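Structural overview
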Amino acid sequence: AQSVTQPDARVTVSEGASLQLRCKYSYSGTPYLFWYVQYPRQGLQLLLKYYSGDPVVQGVNGFEAEFSKSNSSFHLRKASVHWSDSAVYFCVLSGTGNYKYVFGAGTRLKVIA
Amino acid sequence: DAGVTQTPRHEVAEKGQTIILKCEPVSGHNDLFWYRQTKIQGLELLSYFRSKSLMEDGGAFKDRFKAEMLNSSFSTLKIQPTEPKDSAVYLCASSLGYNYAEQFFGPGTRLTVL
């Protein structure tokens, strides 16, 4: 069975501070991992994805994520957050031959001045 | 490039009504997905099409929810009859359909059932 856990439902950080949003997955095969962001009253937008190679992947707007097979994790990071980063972030898992997504519950990020 | 289009953006229905939500996927995409999003349940898959063929119809949503792909560029989701518990955001997404292809999401339709 596949599953994704985002242990932090809500995260609050100050503008300009660094950010890490955690994601753990469970899957016995080769995982394909994604981070999406959802702004209010919008659909989900892709930030980045990992499917092979360098475990650190770069995404849009200064986001990056690091894949760890040993830890079954795919944490999202940003060096310096901006107020406009306030949104809900979803970690998503897909598997080989299975095009369906397994979603984490999401982490609501609030950036304060 | 046109992304995924969904209409209407908002829908208000009385209990027992039939409503039809519409989706136009990204041109050339093979896979189309319908999801329901609520605060409690998060994102749940309703239906999945590959090249217009229904691959999965979301189990628990079978009885009152019916998704169709009339052609490769248009899909509908019918809810009949609606119930207040159907109040949610309905998202449509499409992808090219290979292993690590990302899904492109529409803006969603917010349904309120009174």
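Residues numbered from 1 in each chain as written. Chains lettered and ligands numbered in written order. Predicted model: local features only at pLDDT ≥ 70, side-chain atom pairs only at ≥ 80, totals over all residues. Heavy atoms only, no water.

Considering the pattern of salt bridges
Two side chains that carry opposite charge are able to pair once their charged atoms sit near each other. Put simply, the test is: A pairing counts as a salt bridge when a side-chain nitrogen of Lys or Arg comes within 4 Å of a carboxyl oxygen of Asp or Glu. Counting from the N terminus, the helices are the DSSP runs of H or I reaching at least four residues and the strands are the DSSP runs of E reaching at least two.
Per the stated rule, a full pass over the model turns up 11 salt bridges over all chains. Between E64 of chain A and R77 of chain A there is a salt bridge, and its shortest N-O distance comes to 2.7 Å. With E64 of chain A in strand β8 (residues 63-68) and R77 of chain A in strand β9 (residues 73-78), this residue pair connects regions lying 13 residues apart in the sequence. When the shortest N-O distance is used, the salt bridge between D31 of chain B and R50 of chain B registers 2.8 Å. Here the residue D31 of chain B occupies a position in strand β4 (residues 31-38), and R50 of chain B occupies one in strand β5 (residues 42-50), the gap between them amounting to 19 residues. Within the structure, one salt-bridge network assembled from shared partners comprises R64, E83, K85 and D86 of chain B.

Quick word on the nonpolar core
Residue and element names in this part refer to chain A. Threshold: What is meant by a nonpolar core is a set of buried Ala, Val, Leu, Ile, Met, Phe, Trp, Tyr and Cys residues, joined one to another through side-chain atoms within 4.5 Å. Burial here depends on accessible area, computed with a 1.4 Å probe over protein chains only, as a share of the maximum for the residue type. Under 20% is buried, over 50% is exposed, and the range in between is partly exposed. We call two residues in contact when some of their heavy atoms are within 4.5 Å.
Counting residues in each nonpolar core, the largest one holds 27 residues, and the members touching the most others are L19, W35, L47, L48, F74, L76 and Y89. Elements with a contribution of two residues or more to this core: β2 (10-14), β3 (19-21), β5 (31-38), β6 (44-50), β8, β9, β10 (87-95) and β12 (107-112). Broken down by element, this core gets its largest block of residues, 4 residues, from β10. Excluding residues within four positions of it along the chain, L47 makes contact with W35, Y36, V37, G59, V60, F63, L76 and Y89.

A few points about the packing of aromatic side chains
Here is the rule we go by: Side-chain rings of Phe, Tyr and Trp, where Trp is taken by its six-membered ring, are said to pair if the distance between their centres is within 6.5 Å; with planes under 30 degrees apart they count as stacked, over 60 as edge-to-face, and otherwise as tilted.
Going through the model one piece at a time under the given rule, you end up with 18 aromatic pairs over all chains. Seen from their ring centres, Y50 of chain A and F74 of chain A are 6.4 Å apart, and the 45 degrees between their planes marks the pair as tilted. In this pair, Y50 of chain A sits in strand β6 while F74 of chain A sits in strand β9, placing the two residues 24 residues apart along the sequence. With a relative accessible area of 0%, F74 of chain A lands in the buried category. Summarising the aromatic geometry, the rings of F103 of chain A and F105 of chain B are spaced 6.4 Å apart at their centres and angled 70 degrees between planes, so their arrangement reads as edge-to-face. Of this pair, F103 of chain A sits in strand β11 (residues 98-103) while F105 of chain B sits in strand β10 (residues 104-105), each in a different chain. F105 of chain B matches F103 of chain A in its accessibility class, with the two residues each being buried. Taken together, the aromatic side chains of F34, Y36, Y101 and F103 of chain A together with F33, Y35, Y48 and F105 of chain B make up a single cluster linked through ring pairs.

Bear in mind that shape data such as this cannot, by itself, settle questions of function.
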